[in-house]
Amino acid sequence: AIDNTYFVTAGLRNDYASSIGNDAASVFYPKFTGAVRLDRAMDLPKDLNLVKFRFGYGASGILPGPLDGSTLRWGVVQSGHGAGAVITSQGNPALQPETVQEIEIGTEIELDNAYGVDITYFRQFAANSIFARQQAPSVGLPDPFQNVGSIVGSGIEANIYAELFRTEDYQLNLNLIYNHATNEVTDLGGAAPIISSENVVMEGYSKGEFVS
């Protein structure tokens, strides 16, 4: 923080798992946020005790599971004829980490230490999302995971508040909260739609949208 007016943070996260394999073992997720108190940086009416603008960028994600990169894994099953081997999981050595990037901007404004508004808009970009690839039952193998194209999401979070009155013994506050978020699968990377019961992952639809 500089003069309690300008605020900056930065960071870098590394996810690493040697059990996954060389191709997907390590991924970096950066982040950067900043904010400025305009009521301190500029000459504004004194009734405006808080005028803050903030922005940020960050990335996060999910590494494949420890067994997701193994081509085939075998287990032991007992029967009346003795012990036998059975395939317990089918992996995908080419599986990559899922990455979600988010950009957000927002503002906070407060008047007379009693009335205010807090609004944030965000937009997300997901790439290489990890889903199970459905196979025909006749294949006789567990469903492996695969990376699918990209998903774009956005949303808004808003809070309007007011302190209607205050005495030594009583205080009455009013809050109005509005949140909305949506997303759309924009690319499946050439893969077929993923259908699980009545929920689908399909281009042009929300992720996991209910379809009857």
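As a starting point, this report considers the structure included with it.

What counts and how
- Residues numbered from 1 in each chain as written.
- Predicted model: local features only at pLDDT ≥ 70, side-chain atom pairs only at ≥ 80, totals over all residues.
- Heavy atoms only, no water.
- Helix = DSSP H or I, 4+ residues; strand = E, 2+ residues; numbered from the N terminus.
- Rg over C-alpha atoms; globule rule 2.2 N^0.38 Å.
- Buried < 20%, exposed > 50% of the residue type's maximum accessible area, 1.4 Å probe, protein only.
- Contact = heavy atoms within 4.5 Å.
- Areas by Shrake-Rupley, 256 points an atom, 1.4 Å probe, with all protein chains shown as cover.
- Pairing = 2+ DSSP bridges.
- Axes fitted to C-alpha atoms, helices over the stretch in contact; angles between N-to-C directions.
- 1 Å grid on protein atoms, 1.4 Å probe; cavity = no way out; pocket = protein on both sides within 12 Å on 5 of 7 lines; lining within 4 Å.
- Points joined across faces, edges and corners; volume = space filled by probe spheres on them.
- Nonpolar A, V, L, I, M, F, W, Y, C, P; charged D, E, K, R; others polar.

**A look at the overall build of the protein**
Reasoning step 1: Per the secondary structure count, the protein includes 1 helix and 12 strands.
Reasoning step 2: Counted from the first residue to the last, the protein has its helices and strands arranged as β-β-α-β-β-β-β-β-β-β-β-β-β.
Reasoning step 3: Radius of gyration (C-alpha) of the protein: 25 Å, far over the 17 Å computed for a compact globule of 212 residues.
Reasoning step 4: Based on the C-alpha atoms only, the size of the protein along its principal axes is roughly 85 × 40 × 40 Å.
Reasoning step 5: The 212 residues of the protein split such that 27% are buried.
Reasoning step 6: Sequence separation of at least 24 residues holds for 54% of the intrachain contacts in the protein that already meet a minimum separation of 6.
Reasoning step 7: As presented, the protein carries roughly 13500 Å² of accessible surface, and 55% of it is formed by carbon and sulfur atoms.

**With respect to the sheet that holds strand E9 (residues 171–187)**
Reasoning step 1: Within the open sheet, the 7 strands sit side by side as E1-E2-E3-E6-E7-E8-E9. Their pairing is antiparallel. Of all strands in the sheet, those bounded by a partner on one side alone are strand E1 (6–16) and E9. Each neighbouring strand pair of the sheet contributes to a mean axis angle of 10°, computed without reference to strand direction.
Reasoning step 2: Inspection of the sheet shows strand E2 (residues 26–37) paired to strand E3 (residues 48–62) by 7 bridges, in the antiparallel sense. Bridge assignment links Arg37 to a residue of E3, and that residue is Lys52.

**Topic: the layout of surface pockets**
Reasoning step 1: What the largest pocket holds in volume is close to 240 Å³.
Reasoning step 2: Residue lining of the largest pocket: 20 residues in total, with Thr33, Gly56, Tyr57, Gly58 and Glu104 positioned closest to the centre.
Reasoning step 3: For the lining of the largest pocket, the secondary structure elements donating two or more residues are E1, E2, E3 and strand E6 (98–111).
Reasoning step 4: Counting residues per element, the lining of the largest pocket draws most heavily on E3, at 7 residues.
Reasoning step 5: In terms of residue class, the lining of the largest pocket is built from 8 nonpolar, 8 polar and 4 charged.
Reasoning step 6: Put simply, the second largest pocket is a space of about 180 Å³.
Reasoning step 7: Listed by contribution, the elements that provide at least two residues to the lining of the second largest pocket are E6, strand E7 (115–132), strand E8 (145–166) and E9.
Reasoning step 8: Taken together, the residues of the lining of the second largest pocket break down into 7 nonpolar, 5 polar and 2 charged.

**Structural notes on the environment of Ala41**
Reasoning step 1: Tracing the backbone through its elements, the reader meets Ala41 in helix H1 (residues 38–41).
Reasoning step 2: With a relative accessible area of 38%, Ala41 lands in the partly exposed category.
Reasoning step 3: Here Ala41 is in contact with Thr5, Tyr6 and Val36, once residues within four sequence places are set aside.

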